[in-house]
Amino acid sequence: MSICAVRGMAHIEPDVIHSSQTIKLIENKGQWNPEVLFKASIPGGDVFITAKGLVYALIDEQQLHQLNHNASSNTTVNAHNYRMVFKGSKQANVTVQNGTPFSEYYNYYIGEKSKWATRCKAYESVILQNIYPGIDAEIIAKADFIKLNFLVKAGADPSKIKLVYEGQDNMAIENNA
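Residues numbered from 1 in each chain as written. Predicted model: local features only at pLDDT ≥ 70, side-chain atom pairs only at ≥ 80, totals over all residues. Heavy atoms only, no water.

Asks: Lay out the confidence of the model for the protein chain in plain terms, naming residues and giving numbers.
Replies: Of all residues in the protein chain, 85% attain a pLDDT of 70 or more, and the chain-wide mean is 84. For the protein chain, strand 1 (residues 4–6) is the element with the lowest average pLDDT, namely 35, and strand 2 (residues 25–27) is the one with the highest, namely 97. Confidence drops under a pLDDT of 50 for residues 1–19, and excluding neighbours within four residues, the segment shows 49 contacts in the predicted structure. (pLDDT = per-residue confidence, 0-100. Helix = DSSP H or I, 4+ residues; strand = E, 2+ residues; numbered from the N terminus. Contact = heavy atoms within 4.5 Å.)

Right, dumping it as structure tokens:
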């Protein structure tokens, strides 16, 4: 049962959001906050997948490019975070089922050696099992957005699915999402 597709787009000009890279869900092996299960780089920022929901960290990529390439300390970079929370879920019961892995892997040698992570796999999809009793959340990396499906097993109560959005200014539903 597919409930919704969530697009992580900030208010940025359309020519900025085009990406030639495939979105990948990269596993966390200690290189990020322990709550993060996977990270995906999307047009305009990143999505962090946790047992509690999705965290979108959006940034104006043109401003960031200008800051990195123009050594001007007067450049402002607009950024915004918001969360989509699985309200009422039992995070302690969540297990992860990985989808098909990509052939490559990622290494992170940033900061303290204890935070280094090697051979981090990337996936096209993951399933967070038991977000609610008998209900799993399937997260799929599409070409330019992250899609969220809820998989409801026979006998499970889909009315348990409740999504709370925190940190956004407003919300709209697109007809073609």
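Asks: Pulling in residues and values, what's your account of a positive patch on the surface?
Replies: A cluster of basic residues, Lys87, Lys90, Lys160 and Lys162, forms a positive patch at the surface. Tracing the backbone through its elements, the reader meets Lys160 in the loop between strand 12 (146–152) and strand 13 (163–166). (Patch = residues over 30% accessible without salt bridge, like charges linked within 9 Å, V, L, I, M, F, W, Y side chains within 5 Å. Areas by Shrake-Rupley, 256 points an atom, 1.4 Å probe, with all protein chains shown as cover. Salt bridge = Lys/Arg side-chain N within 4 Å of Asp/Glu carboxyl O. Lys, Arg positive; Asp, Glu negative; His and termini not counted. Charge placed at Lys NZ, Arg CZ, Asp CG, Glu CD.)

Asks: Quick one: what's the story with the pairing of strand 3 (residues 36–42), residue by residue and with numbers?
Replies: Taking burial as the measure, the seven residues of strand 3 include five buried ones, the bulk of the element. Of the pairings in the sheet, the one linking strand 2 to strand 3 comprises two bridges and is antiparallel in character. Counted as the bridge partner of Glu27 is Phe38 from strand 3. Note that strand 3 and strand 4 (residues 45–50) share six bridges and pair antiparallel. The residue of strand 4 that forms the bridge with Lys39 is Phe48. (Buried < 20%, exposed > 50% of the residue type's maximum accessible area, 1.4 Å probe, protein only. Pairing = 2+ DSSP bridges.)

Asks: I'd like a rundown of the packing of aromatic side chains, residues and numbers included.
Replies: Counted according to the given criterion, the structure contains five aromatic pairs. The interplanar angle of 5° and the centroid separation of 4.8 Å between the aromatic rings of Tyr56 and Tyr82 together place this pair among those described as stacked. Taken together, the residues span a long stretch of sequence, with Tyr56 in strand 5 (residues 53–59) and Tyr82 in strand 6 (residues 79–86) at a distance of 26 residues. With relative accessibility at 12%, the residue Tyr82 sits in the buried group. Judged by centre distance (6.0 Å) and plane angle (80°), the ring pair of Phe86 and Phe150 falls under edge-to-face. Of this pair, Phe86 sits in strand 6 while Phe150 sits in strand 12; the two residues are 64 residues apart in sequence, bridging distant segments of the chain. By the burial criterion, Phe86 is buried, and Phe150 matches it. (Phe/Tyr/Trp six-rings, centres within 6.5 Å; stacked < 30°, edge-to-face > 60°.)

Asks: Lay out the nonpolar core in plain terms, naming residues and giving numbers.
Replies: Core analysis: the biggest nonpolar cluster contains 29 residues, and Leu25, Ile49, Phe86, Leu128, Ile139 and Ile146 have the highest contact counts within it. Put simply, the parts of the chain that give this core at least two residues each are strand 3, strand 4, strand 5, strand 6, strand 10 (125–132), strand 11 (135–141) and strand 12. Grouped together as the second largest cluster of nonpolar side chains are nine residues, Val36, Val55, Ala117 and Ala122 included. (Core = buried A, V, L, I, M, F, W, Y, C linked by side-chain atoms within 4.5 Å.)

Asks: Would you mind going over the sheet that holds strand 5 in detail, with residue names and values included?
Replies: The eight strands are arranged 8-9-2-3-4-5-6-13 in an open sheet whose pairing can be described as antiparallel. Pairing within the sheet leaves two strands with one partner each, and these edge strands are strand 8 (101–108) and strand 13. Here the average twist between neighbouring strands, direction ignored, is 25°. (Axes fitted to C-alpha atoms, helices over the stretch in contact; angles between N-to-C directions.)

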